Amino acid sequence: MAAERESTRERTPAGATAAGRSRARLDQPRPPRRRLLPEWDPEAFGRLSERIARFLGTGRFIVWMTFVIILWVIWNISAPGGLRFDEYPFIFLTLALSLQASYAAPLILLAQNRQDDRDRVNLEQDRKQNERSIADTEYLTREIAALRMGLGEVATRDWIRSELQDLLKDMTDERRDGHVVFPAERSARRDVDDR
């Protein structure tokens, strides 16, 4: 008897949480559980509601609905008594139209909410794009200003040409006796004249 008790103790896990439960393996996914309520894809339902709302907002829907209502009324007024399914107060027609309206309103609201979400995302993306464009424009403006400042210190072709012409003019100034006066001689002569 004691041997049986000992063998059962070895086989069962110890501890308060391990009693009566089998251990789940952590390296494998759990098996899917049955759900009482059906599952649906919110995106698929949203796309369907947008399609319906888009159709309800067309002239085609209004024309078809008008055609069906006129046909309904004409049939229930002019058909033989046994074939009429909705007598004069047209209660069933009223019920069908109110049922259609009660489903159309939430579907239209759902489609509008989805459109608002898309618009919000698009506006956020546009705002970020505008921020990037402004940052790029500011960067390019700073670069152009730096280039303009750098060009102020660079000798341009016209400036070099005018300096060379001045130098050539100074070099070719002649004295009365036909001797070419070089700039070094001219500065020495000015020094002498100044004394």
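Please read all numbers here as calculations on a predicted model, not as lab measurements. (Residues numbered from 1 in each chain as written. Predicted model: local features only at pLDDT ≥ 70, side-chain atom pairs only at ≥ 80, totals over all residues. Heavy atoms only, no water.)

**Student:** How should the pattern of salt bridges be read in this particular structure?
**Tutor:** In a structure, side chains of opposite charge can pair up when their charged atoms sit close to one another. Applying the stated criterion to the full structure yields eight salt bridges. One salt bridge in this structure joins Arg25 and Asp27, with 2.7 Å as the shortest N-O distance. Here Arg25 and Asp27 have matching classes, each one exposed. One salt bridge in this structure joins Glu124 and Arg127, with 2.5 Å as the shortest N-O distance. (Salt bridge = Lys/Arg side-chain N within 4 Å of Asp/Glu carboxyl O. Buried < 20%, exposed > 50% of the residue type's maximum accessible area, 1.4 Å probe, protein only.)

**Student:** Help me out: how do you make sense of the packing of aromatic side chains in this one?
**Tutor:** Each aromatic ring pair is specified by the distance between its two centres and by the angle formed by the two planes. Going through the model one piece at a time under the given rule, you end up with five aromatic pairs. Here Phe55 and Phe61 contribute two aromatic rings whose centre-to-centre distance is 5.5 Å and whose plane-to-plane angle is 75°, an arrangement assigned as edge-to-face. A relative accessible area of 38% means that Phe55 is categorised as partly exposed. Taken together, a centroid distance of 6.1 Å and an interplanar angle of 85° make the contact between Trp64 and Phe67 edge-to-face. With Trp64 and Phe67 both in helix H3 (residues 59–78) and three residues apart, the pair spans about one turn of that helix. The exposure class of Phe67 is partly exposed, given its relative accessible area of 47%. (Phe/Tyr/Trp six-rings, centres within 6.5 Å; stacked < 30°, edge-to-face > 60°. Helix = DSSP H or I, 4+ residues; strand = E, 2+ residues; numbered from the N terminus.)

**Student:** Can you help me understand the side chain of Ser49 in this one?
**Tutor:** With respect to the secondary-structure elements, Ser49 resides in helix H2 (residues 42–56). Excluding anything up to four places from it in sequence, Ser49 contacts Leu107, Leu110 and Ala111. (Contact = heavy atoms within 4.5 Å.)

**Student:** Just checking my understanding: could you explain the packing of H3 against helix H4 (residues 91–153) for this structure?
**Tutor:** Angle between the axes and distance between the axes: these two values describe a pair of packed helices. Interaxial distance between H3 and H4 falls to 11 Å at its minimum, and their mutual angle equals 160°. With respect to H4, the axis of H3 lies roughly antiparallel. For the pair H3 and H4, the crossing hand works out as right-handed. For the pair H3 and H4, contact is made by Phe61, Met65, Ile69, Trp72 and Val73 and by Phe92, Leu93, Leu97 and Gln100, respectively. When grouped by side-chain class, the residues that make up the contact of H3 with H4 number eight nonpolar, one polar and no charged. (Axes fitted to C-alpha atoms, helices over the stretch in contact; angles between N-to-C directions. Parallel < 35°, antiparallel > 145°, perpendicular 65-115°, else oblique. Left-handed = near helix turned anticlockwise from the far one by under 90°. Nonpolar A, V, L, I, M, F, W, Y, C, P; charged D, E, K, R; others polar.)

Everything listed here is a matter of coordinates, which is why it stays silent on function.
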